[in-house]
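# Summary of the model geometry
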Amino acid sequence: MQSVKLVRVLSKPSNVRPAYVAVARLSTTGTRRKDENLPVTDGSINLAGLKRGTGGRSSFNGVVATVFGASGFVGKYVCNRLGKIGTQVIVPYRGDHYDVLRLKLVGDLGQVLFFPFHLRDEDSIRKAMKYSNVVINLIGRDWETMNFKFHDVNVTGARTIARLAKECGVKRLIHFSSLNCDPHPKGVILNGGSEFLKTKYEGELAVKSEFPNATIFRPADIYGQEDRFMRYYAHFWRRTFQWLPLWNRGEKTIKQPVFIGDVAGAVINALRDPDSAGKTYDILGPHRYQLSELADYFFRCMRRDEEWGYRRTDLRWSPLFQLRISMTQKFCIGWPIAYLGWDKIERDHVTDTPTLGAPNLQDLGITPDVVEHHAEWELKPYRAASYYAETLGEFEKPSPPKPVVEY
């Protein structure tokens, strides 16, 4: 039980009256008064229940969130949004701590904490989420390495995090999967389809079996600063000189990319909405485009037009580029140049297919932005002859991509 006693504070000057200070004694038995709001569990105070302030950056909103994969592209944006609303963010990291040190600035002083972990070390995972009431799993790999295959990350690792989150009493779990995930993906280029998409689907089942109320996000290709969509097509290694090889010249593939700011906003809104627990969301942009149209638009933004030498070619008849993909995948195992690999090429040419009846960004209160509002700025560092000092209005604004009209 809690008791309060008065402690007399004496001072030497005779003209100063004694002061009495109230001192609260907290019981370590795990009990508390009915009017007390401090949650006590196993003799210790759960900091996640100490809600203070209005929920801004310099206050504590009562949410302690462990973000796995915070050093990645999506993780940085999610942590930034969490820190702005007064969330205490725990960042588990693997490898050099300098990779995540910049995330210390996303929240107020003392609100962003770092903890080393390993995906195969359950004790480190358990410690990283021990005091959290929210866990967000953003761990993912676009390619396989010697130490981690797709199944290790997307299925085994996801299951472990979900199981330990349940054991630690975590209230909300948000797991990132992928659009087009399927138990038996239909191959466009590879026989048997993408192993990444297959294991992402298996990972969803694993998470649901361990944490039934988990919220699943299925994002399409995400673009923004430091992305792996626009920058991927802008990289010199993705093309042969000025030619860009695409399967069927990209004319048989439909994509629906989504802006990273909308994805991060959807995570925050999902945490605020208790009805989102247990649901699976398709995270898509507002328009559908042919891949060929998107690629042409990206190169227009980079001022690499036909006069510069740009052409789309058919990857089916590009043996030299196919050899480049195979050699990059074989000799650049840890970090392929331009993320180039056959599974990535396969996913690039899979048409984005929303799940029938699945909730989307609008159901989370997010109005998705269009690609032409951001592409020109994001691709500015890749412009041809970027050293040229242009005058205002000298270059015509690139025409936006034409969405696919579906009936």
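Residues numbered from 1 in each chain as written. Predicted model: local features only at pLDDT ≥ 70, side-chain atom pairs only at ≥ 80, totals over all residues. Heavy atoms only, no water.

## Examining the environment of Asp 182
- Assignment of secondary structure puts Asp 182 in the loop between strand E9 (172-176) and helix H4 (195-210).
- Spatially, the C-alpha atom of Asp 182 lies 7.8 Å from that of Lys 200, the residues being 18 residues apart in sequence.
- Beyond its immediate sequence surroundings of up to four residues, Asp 182 is in contact with Leu 197, Lys 198 and Tyr 201.
- Among the polar contacts listed, one links the side chain of Asp 182 to the backbone nitrogen of His 184, at a separation of 2.7 Å. (Helix = DSSP H or I, 4+ residues; strand = E, 2+ residues; numbered from the N terminus. Contact = heavy atoms within 4.5 Å. Polar contact = N/O pair within 3.5 Å; in protein donor to acceptor, adjacent residues only side chain to side chain.)

## Focus: the packing of helix H3 (residues 150-167) against H4
- In the contact formed by H3 and H4, the axes pass within 8 Å of each other and the chain directions differ by 15°. By the criterion of interaxial angle, the relationship of H3 to H4 is roughly parallel. In terms of crossing hand, the pair formed by H3 and H4 is right-handed. On the side of H3, the interface is formed by Phe 150, His 151, Asn 154, Val 155, Ala 158, Arg 159, Ala 162, Arg 163 and Lys 166, while H4 contributes Glu 195, Phe 196, Thr 199, Lys 200, Glu 202, Gly 203, Ala 206, Val 207, Ser 209 and Glu 210.
- Of the residues in the contact of H3 with H4, the class split is 7 nonpolar, 5 polar and 7 charged. (Axes fitted to C-alpha atoms, helices over the stretch in contact; angles between N-to-C directions. Parallel < 35°, antiparallel > 145°, perpendicular 65-115°, else oblique. Left-handed = near helix turned anticlockwise from the far one by under 90°. Nonpolar A, V, L, I, M, F, W, Y, C, P; charged D, E, K, R; others polar.)

## Section: the sheet that holds strand E10 (residues 215-219)
- Read from one edge of the open sheet, 7 strands run E7-E6-E5-E8-E9-E10-E15, paired in parallel fashion. Strands with a single pairing partner mark the edges of an open sheet, and in this sheet they are strand E7 (112-116) and strand E15 (280-283). Adjacent strand axes in the sheet meet at a mean angle of 20°, parallel and antiparallel pairs treated alike.
- As judged from the 4 bridges shared by strand E8 (residues 134-137) and E9, these two strands associate in the parallel manner. From the neighbouring strand, Val 135 faces E9, where its bridge partner is Leu 173.
- Strands strand E5 (64-68), E8 and E9 of the sheet are contacted by H3, whose axis makes an angle of about 180° with E8. (Pairing = 2+ DSSP bridges.)

## Let's talk about the nonpolar core
- Among the nonpolar cores identified, the biggest contains 66 residues, and Val 74, Ile 136, Phe 217 and Phe 298 are the most heavily contacted of them.
- Counting 21 residues, the second-largest nonpolar core is a separate cluster that includes Ile 125, Val 153, Ile 161 and Ile 216. (Core = buried A, V, L, I, M, F, W, Y, C linked by side-chain atoms within 4.5 Å. Buried < 20%, exposed > 50% of the residue type's maximum accessible area, 1.4 Å probe, protein only.)

## Describing a nonpolar patch on the surface
- On the surface, Leu 323, Met 327 and Phe 331 cluster together into a nonpolar patch covering about 320 Å² of accessible area.
- For Leu 323, the location among the structural elements is in helix H8 (residues 319-331). (Patch = residues over 30% accessible without salt bridge, like charges linked within 9 Å, V, L, I, M, F, W, Y side chains within 5 Å. Areas by Shrake-Rupley, 256 points an atom, 1.4 Å probe, with all protein chains shown as cover. Salt bridge = Lys/Arg side-chain N within 4 Å of Asp/Glu carboxyl O.)

## Things to note about the confidence of the model for the protein
- Overall, the predicted model of the protein reaches an average pLDDT of 88, with 86% of residues at or above 70.
- Overall, residues 1-43 carries pLDDT values under 50, and its contacts beyond four positions in sequence, including any with other chains, amount to 49 contacts. (pLDDT = per-residue confidence, 0-100.)

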